[in-house]
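Given next are the chains, with one letter for each unit.
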Amino acid sequence: MSDTVAKERRVRVRFAPSPTGPLHIGGVRTALYNYLFARQHDGDFIFRIEDTDTNRFVPGAEDYIIEAFRWLGITFDEGVSFGGKYGPYRQSERREIYRRHVDALLDAGKAYIAFDTPDELEKRRAEIPNFQYDATTRLSMRNSLTMPADEVRALIGGGIQYVVRFLIEPGREVVVDDLIRGRVVINSSILDDKVLFKSADELPTYHLANIVDDHLMEVTHVIRGEEWLPSAPLHVLLYEAFGWQDTMPRFAHLPLLLKPEGNGKLSKRDGDRLGFPVFPLEWHDPKTGEVSSGYREKDYLPDAVLNFLALLGWNPGDDTEIMSLDRMVSLFNLEKCSKAGARFNYQKLSWFNHEYILRKDDSEVAELFRPVLERNGVTETPERIEKAVSLVKSRVNFIHELWDNSYYLFRAPDGYDDKSLKKWWKEDAPKTTAELCGFLETQDDFNAETLEPKVMDWIASKEYPVGKVMNAFRVTLVGAAMGPQIFAITEFIGKEETLRRARRALEVLS
Ligand code: GLU
């Protein structure tokens, strides 16, 4: 596989969310691609929490993210809650490390201290159109480049707040060699002197912490969403400033997830508008109390969700759609990911869910169905649930739909559907049903294969129209003209219950 992976380094990738809320489904896709890549190369997959932006911290978000991956079956080798020898993996616990690295840049003259207050910066922005803190402006600002060293020291000693800014040399070509996008070249003059550290909370910004950690954690590939591509040139320059360019990770920026209609970026509003979740699990916002739906609670199967997501931005090069996680691991190819955004075709996900239910063993589906039955007051043996599942699972997209398609196997109908009655409960229905009951009374073996030919012979001997007789009979057992093969139903509920239901219908409907 070309030069995606340098021979001598063990592949190490990371998923590094900021705990600012629930994990968006796009983040799940990013994590999945990292996972597939790590497994494919027998590498390590790291879970890092990037929580240096204290203003945006949301309690519960970290646990939510961990629980989401547990549900999905995406596993990490090290990181927050998983341990490992590169820890701590929560950035708020790595202050010392960042401080050291910020000081190293300051000492080397690659960063400087700036005292400009938010008001002063605002004023500048008002004065200068498209103001940027960069080579063209930095020498007219209040910073360690324009102020004597002892004044800078005195200000800091006096407790004045400052930031550390990255000193970007203008006029340089910065190359981001992206595994998906190819060579992206920009001129360093368009970049501003990004803030790397803030004295106010003694914390680094995302950029500094991200680069330092990727380096120290020996990350070899940074696979992340396209929204981070604009930060990549700055990151390349930071690697250089630290002298780490030889072990700089390879970048791969994944395509955007687009609205189902294809115009613009997928948002939570699209989910609300069209009725699909954009989060893996239900999320209860701790501030507003707002509840957002999740794929788990909406009854999607985790492997169907992963399969669907895997194909948003990549495909195995043929028509293969259904793939186990292991299969995806062997087929995945980072360099074959598309540059173009991927439409979030949520209807397709229902199809995947259906296919996954079909492909699962009946016993496994039965286990998933059991809680639904219990909620409806039904307790049954595993064997019987399995049998019921085998009769109706081809009809459903979701596990909970099994109930609507099989409740009559577990309890007598409590009414009869009007439309079905109109169609099938004609004048002679009571007579044929009563006679059929009489015949069934004489039968002891309700096994479908045995009973069916006998009933058919009986109907033929009477010269009754099969459809009419059997559909009327079906309505008495099911309550509507629906369900699987009628003799599968009579076998399932048994002789006694069959006769009880048919006779009860005769009473109620006459
Ligand atoms: N903390 C960033 C995020 O929330 C990480 C971006 C990256 O992977 O570099 O996605």
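Use the structure listed above.
All values derive from a computational prediction rather than experimental measurement.

Next up on the list: the overall build of the chain. Helix and strand counts for the chain come out as 20 helices and 15 strands. By its C-alpha atoms, the chain is 110 × 50 × 40 Å across when sized along the principal axes. When the 510 residues of the chain are sorted by exposure, 50% land in the buried category. At a minimum sequence separation of 6, the contacts of the chain that also span at least 24 residues come to 73%. About 24000 Å² of surface is accessible on the chain, with carbon and sulfur atoms providing 49% of the total. Across the chain, the 67 positively charged side chains and the 81 negatively charged ones have centroids separated by 2 Å.

Here we take up the nonpolar core. Judged by nonpolar contacts, the single largest core of 145 residues is most densely connected at Phe69, Phe344 and Phe369. At nine residues, the largest contribution of residues to this core is made by helix 1 (residues 25-40). Residue contacts for phenylalanine 69: discarding those within four places in its chain leaves Phe15, Leu23, Ala31, Phe47, Ile74 and Phe76.

What the rule picks out here adds up to 30 aromatic pairs. Judged by centre distance (4.2 Å) and plane angle (10°), the ring pair of phenylalanine 242 and tryptophan 244 falls under stacked. For the pair shown, phenylalanine 242 and tryptophan 244 are each scored as buried. Relative to phenylalanine 398, the ring of tyrosine 300 has its centre 4.9 Å away and its plane inclined at 85°; by these criteria the two rings are edge-to-face. Of this pair, tyrosine 300 sits in the loop between strand 14 (291-292) and helix 9 (302-310) while phenylalanine 398 sits in the loop between helix 13 (382-392) and helix 14 (401-404); the two residues are 98 residues apart in sequence, bridging distant segments of the chain. One exposure class covers both tyrosine 300 and phenylalanine 398, and it is buried. The cationic tip of arginine 12 hangs over the ring face of tyrosine 86; the distance from NZ or CZ to the ring centre is 3.8 Å.

Here we come to helix 9. Counting buried positions over the nine residues of helix 9 gives seven, a clear majority of the element. For helix 9, every residue scored as buried is listed here: Ala304, Val305, Leu306, Asn307, Phe308, Leu309 and Ala310. Contacts made by the buried residues of helix 9 are with helix 1, helix 2 (61-72), helix 10 (325-331) and helix 11 (346-359).

Along the chain, the position of arginine 224 falls in strand 10 (residues 221-225). For arginine 224, the side chain forms a polar contact with the side chain of histidine 235, separated by 3.4 Å. Looking at arginine 224, its side chain comes within polar contact range of the side chain of histidine 253, at 3.0 Å. Apart from residues lying up to four places away in sequence, arginine 224 is in contact with Arg14, Thr30, Tyr206, Asn210, Ala232, His235, Phe251, Ala252, His253 and Leu254.

So, about the site of the ligand. Every residue near the ligand is listed here: Arg14, Ala16, Pro17, Ser18, Glu50, Tyr206, Asn210, Arg224 and Trp228. One of the side-chain N or O atoms of serine 18 is found 3.0 Å from a nitrogen atom in the ligand. A distance of 3.1 Å separates an oxygen atom of the ligand from a polar atom in the side chain of asparagine 210. Here the shell around the ligand is composed, by residue class, of four nonpolar, two polar and three charged.

It is worth spelling out unusual backbone geometry at this point. Put simply, glycine 87 and proline 88 share a cis peptide bond, and its omega is -5°. Mapping proline 88 onto the fold places it in the loop between strand 3 (78-79) and helix 3 (95-107). The backbone of aspartate 42 shows a phi angle near 50°, a positive value even though the residue is not glycine. Position of aspartate 42 relative to the elements: it lies in the loop between helix 1 and strand 2 (44-47). Positive phi, normally seen in glycine, also occurs at asparagine 130, with a value near 50°.

Turning our attention to the side chain of arginine 94. Along the chain, the position of arginine 94 falls in the loop between strand 3 and helix 3. A polar contact is formed between the side chain of arginine 94 and the side chain of aspartate 213, at a distance of 2.8 Å. Excluding residues within four positions of it along the chain, arginine 94 makes contact with Tyr86, Gly87, Pro88, Asp213, Leu216 and Met217.

This next bit is on the pairing of strand 2. Regular strands place their side chains on alternate faces of the sheet. Here strand 2 shows a buried face lined by Asp44 and Ile46 and a second buried face lined by Phe45 and Phe47. Looking at chain direction, strand 1 (residues 12-15) and strand 2 are connected through four bridges and run parallel. Paired with phenylalanine 15 across the bridge in strand 2 is phenylalanine 47. In this view, the connection linking strand 1 to its parallel neighbour strand 2 by way of helix 1 has right-handed handedness. Pairing of strand 2 with strand 3 involves two bridges; the strand directions are parallel. When the sheet's bridge partners are listed, phenylalanine 47 is paired in strand 3 with glycine 79. A crossover connection joins strand 2 to the parallel strand 3 through helix 2; in handedness this β-α-β unit is right-handed.

Cut-offs and rules
- Residues numbered from 1 in each chain as written.
- Predicted model: local features only at pLDDT ≥ 70, side-chain atom pairs only at ≥ 80, totals over all residues.
- Heavy atoms only, no water.
- Helix = DSSP H or I, 4+ residues; strand = E, 2+ residues; numbered from the N terminus.
- Buried < 20%, exposed > 50% of the residue type's maximum accessible area, 1.4 Å probe, protein only.
- Contact = heavy atoms within 4.5 Å.
- Areas by Shrake-Rupley, 256 points an atom, 1.4 Å probe, with all protein chains shown as cover.
- Lys, Arg positive; Asp, Glu negative; His and termini not counted.
- Charge placed at Lys NZ, Arg CZ, Asp CG, Glu CD.
- Core = buried A, V, L, I, M, F, W, Y, C linked by side-chain atoms within 4.5 Å.
- Phe/Tyr/Trp six-rings, centres within 6.5 Å; stacked < 30°, edge-to-face > 60°.
- Lys NZ or Arg CZ within 6 Å of the ring centre and 35° of its normal.
- Polar contact = N/O pair within 3.5 Å; in protein donor to acceptor, adjacent residues only side chain to side chain.
- Near = heavy atom within 4 Å.
- Nonpolar A, V, L, I, M, F, W, Y, C, P; charged D, E, K, R; others polar.
- Pairing = 2+ DSSP bridges.
- Right-handed = clockwise from strand over helix to strand, strands pointing away.

By themselves these figures say nothing about function.
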